[in-house]
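Breakdown of the fold
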Amino acid sequence: MNDPLLIAGREYHSRLLVGTGKYKDFTETREAVLASGAQIVTVAVRRVNIGQNANEPNLLDALPMKEFTYLPNTAGCYSADEAIRTLRLARELLDGHDLVKLEVLGDQTTLFPNMPETLKAAEVLVKDGFKVMVYCSDDPIQAKMLEDIGCVAVMPLASLIGSGMGILNPWNLKLIIEQSKVPVIVDAGVGTASDAAIAMELGCDGVLMNTAIAKANDPVLMASAMKKAIEAGREAFRAGRMPRKLYAATPSSPTTGLIGS
Amino acid sequence: MLKKVLPMLHISINGEAREFAAPMTLAQLLDQLQLTGKRVAIERNAEIVPKSLHASTPLADGDALEIVVAVGGG
């Protein structure tokens with residue numbers, strides 16, 4: 001089945017994007033990422049620990065850049081300026097790599113996005129040559145603004161980051177999907193496989209998740225479940241579901257030829 | 001005999017105050033911090049210094065550096 005996800009002119013055969021945080025160790029990170037089948041993995045940019053053991057294991061050894069597409073994020077940034085600085089550092093860090101995930105948070109409790117700052121940062125980053133995949137609220141108007149600015153994917157939340165609450169407003173997501181010409185990727189809130197399948201059945205182009213896999217009792221098994229859920233949801237979307245009816249009175253078995261008739 | 005006072009560089013690295021003897025380039029600093037050959041990115045006074053310029057960038061007293069790496073994140 002040839003049904004690639006197209007982001008900024010590049011084809012990906014997996015529609016599941018995964019984060020690399022919150023795992024027990026790098027071995028578990030790698031095993032879970034491999035089980036998920038994800039090709040795009042998010043990474044964070046942080047101050048190096050001065051004086052740390054130089055041979056300490058690191059993420060780049062566990063997930064080599066030649067095997068995966070890195071998506072550096074701006075997690076933890078609360079202003080456009082911080083996010084822009086972080087991604088410029090990421091570009092330098094990753095040899096000019098320009099595909100990035102922009103997220104500007106607005107509140108430390110909910111981690112809800114600060115949309116005015118997100119829009120401001122998106123504008124600067126797109127002008128600076130970045131290919132911006134942007135975490136946003138599920139407001140179709142602002143999603144459209146981000147697309148018009150030139151973001152290469154819009155990534156509305158399904159529910160709050162790390163909440164595992166699933167898809168709380170499918171109708172808003174549907175509006176965003178209908179209007180968008182760039183990929184719509186649900187980012188944040190997915191808790192289990194059925195949530196991911198529902199996102200794909202709605203017509204999302206992909207799902208980005210971290211906690212749902214990393215904080216499952218068995219992260220590697222959940223990564224495999226998510227891979228299947230994304231594929232099943234996508235196929236169901238493409239197949240087109242039957243209409244919902246309260247009742248139909250048309251059984252699946254023949255109504256004639258019954259014995260004794 | 002006059003004691004020669006070596007000029008010192010007061011540098012902030014990732015928010016931490018450090019002192020080094022001048023002169024020193026960014027590449028020499030990375031070496032001292034045992035970061036040579038590691039994948040890092042550096043901001044000097046809020047401006048990126050590309051890897052290709054590490055060896056030719058002298059540090060100045062009062063510089064503020066941010067040295068970052070890629071870590072796991074969602």
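Heads up: the structure comes first, above all this text.
Residues numbered from 1 in each chain as written. Chains lettered and ligands numbered in written order. Predicted model: local features only at pLDDT ≥ 70, side-chain atom pairs only at ≥ 80, totals over all residues. Heavy atoms only, no water.

**Considerations on the side chain of Asp195(A)**
All names here are of chain A. Condition: Numbering of helices and strands runs from the N terminus, with a helix taken as a DSSP run of H or I at least four residues long and a strand as a DSSP run of E at least two residues long. When a residue's accessible area, from a 1.4 Å probe over protein chains only, is under 20% of the maximum for its type it is buried; when over 50% it is exposed; and in between it is partly exposed. Positive charges come from Lys and Arg alone, negative charges from Asp and Glu alone, with His and the N- and C-terminal ends not counted. We count a salt bridge whenever a side-chain nitrogen from Lys or Arg sits within 4 Å of a carboxyl oxygen from Asp or Glu. Working rule for contacts: check all heavy atoms of both residues, and any pair within 4.5 Å makes them a contact.
Mapped onto the fold, Asp195 is located in helix α7 (residues 193-202). Buried Asp195, no salt bridge; nearest opposite-charge side chain is Arg244, N-O distance 13 Å. Residue contacts for Asp195: discarding those within four places in its chain leaves Gly164, Gly166, Ile167 and Val190.

**So, the packing of aromatic side chains**
For the record, the criterion: Ring geometry is summarised as follows: Phe, Tyr and Trp rings, the Trp one being its six-membered ring, pair when their centres sit within 6.5 Å, and such pairs are stacked at plane angles under 30 degrees, edge-to-face over 60 and tilted between the two. Charge over a ring is defined by NZ of Lys or CZ of Arg lying within 6 Å of the ring centre and within 35 degrees of the ring normal.
Going through the model one piece at a time under the given rule, you end up with zero aromatic pairs over all chains. Over the face of the ring belonging to Tyr135(A) we find Lys101(A), whose NZ or CZ atom lies 5.8 Å from the ring centre.

**Regarding the pairing of strand β5 (residues 64-72) of chain B**
Heads up, the rule is: Should DSSP find at least two bridges between two strands, the strands are taken to pair.
The pairing of strand β4 (residues 40-47) of chain A with β5(B) spans five bridges and is antiparallel. Looking across to β5(B), one finds that Ala44(A) is bridged to Val71(B). In the sheet, strand β3 (residues 41-44) of chain B pairs with β5(B) via four bridges, with the strands oriented antiparallel. Residue pairing across strands places Arg44(B) opposite Leu65(B), the latter belonging to β5(B).

**Things to note about the side chain of Ser36(A)**
Residues and elements named next belong to chain A. Selection criterion: Residues adjacent in sequence count toward polar contacts only when both atoms are side-chain atoms; beyond that, a polar contact is any pair of N or O atoms within 3.5 Å, and within protein one must be able to donate a hydrogen and the other to accept it.
Examined against the element boundaries, Ser36 turns out to sit in helix α1 (residues 26-36). A polar side-chain atom of Ser36 sits 3.0 Å from the main-chain amide nitrogen of Ala38. Residues within four places of Ser36 in sequence aside, it is in contact with Leu16, Val18, Ala223 and Lys227.

**Points about the pattern of salt bridges**
Tallying each qualifying case throughout the model produces 20 salt bridges over all chains. The closest approach of N and O atoms between Arg91(A) and Asp128(A), which form a salt bridge, is 3.2 Å. Within this pair, whereas Arg91(A) is found in helix α3 (residues 80-93), its partner Asp128(A) is found in the loop between α4 (115-127) and β7 (131-136), the two being separated by 37 residues in sequence. Using a relative accessible area of 26% as the deciding quantity, one classes Asp128(A) as partly exposed. Ionic pairing is found between Asp95(A) and Arg39(B), a salt bridge with its closest N-O pair at 3.0 Å. In this pair, Asp95(A) sits in the loop between α3 and β6 (99-102) while Arg39(B) sits in the loop between α1 (26-32) and β3, so the two residues belong to two different chains. Assessed through its relative accessible area of 28%, Arg39(B) is described here as partly exposed. In the salt-bridge network here, residues are joined through shared partners; they are Asp3(A), Arg15(A), Arg234(A) and Arg238(A).

**Re α4(A)**
All names here are of chain A. Applied cut-off: How far a helix is expected to stretch is found by multiplying one less than its residue total by 1.5 Å.
Under the 1.5 Å per step criterion, the end-to-end length of α4 is 18 Å for 13 residues, consistent within 8% with the ideal 18 Å. Residues Met115, Glu117, Thr118, Leu119, Ala121, Ala122 and Leu125 constitute the buried set of α4. The secondary structure elements touched by the buried residues of α4 are α3, β6, β7 and α5 (140-149). Where α4 begins, one side-chain oxygen reaches toward the backbone nitrogen of Glu117, 3.1 Å away; that side chain belongs to Asn114. Positioned one or two residues after α4, Gly129 has a phi angle of 95 degrees, which is positive.

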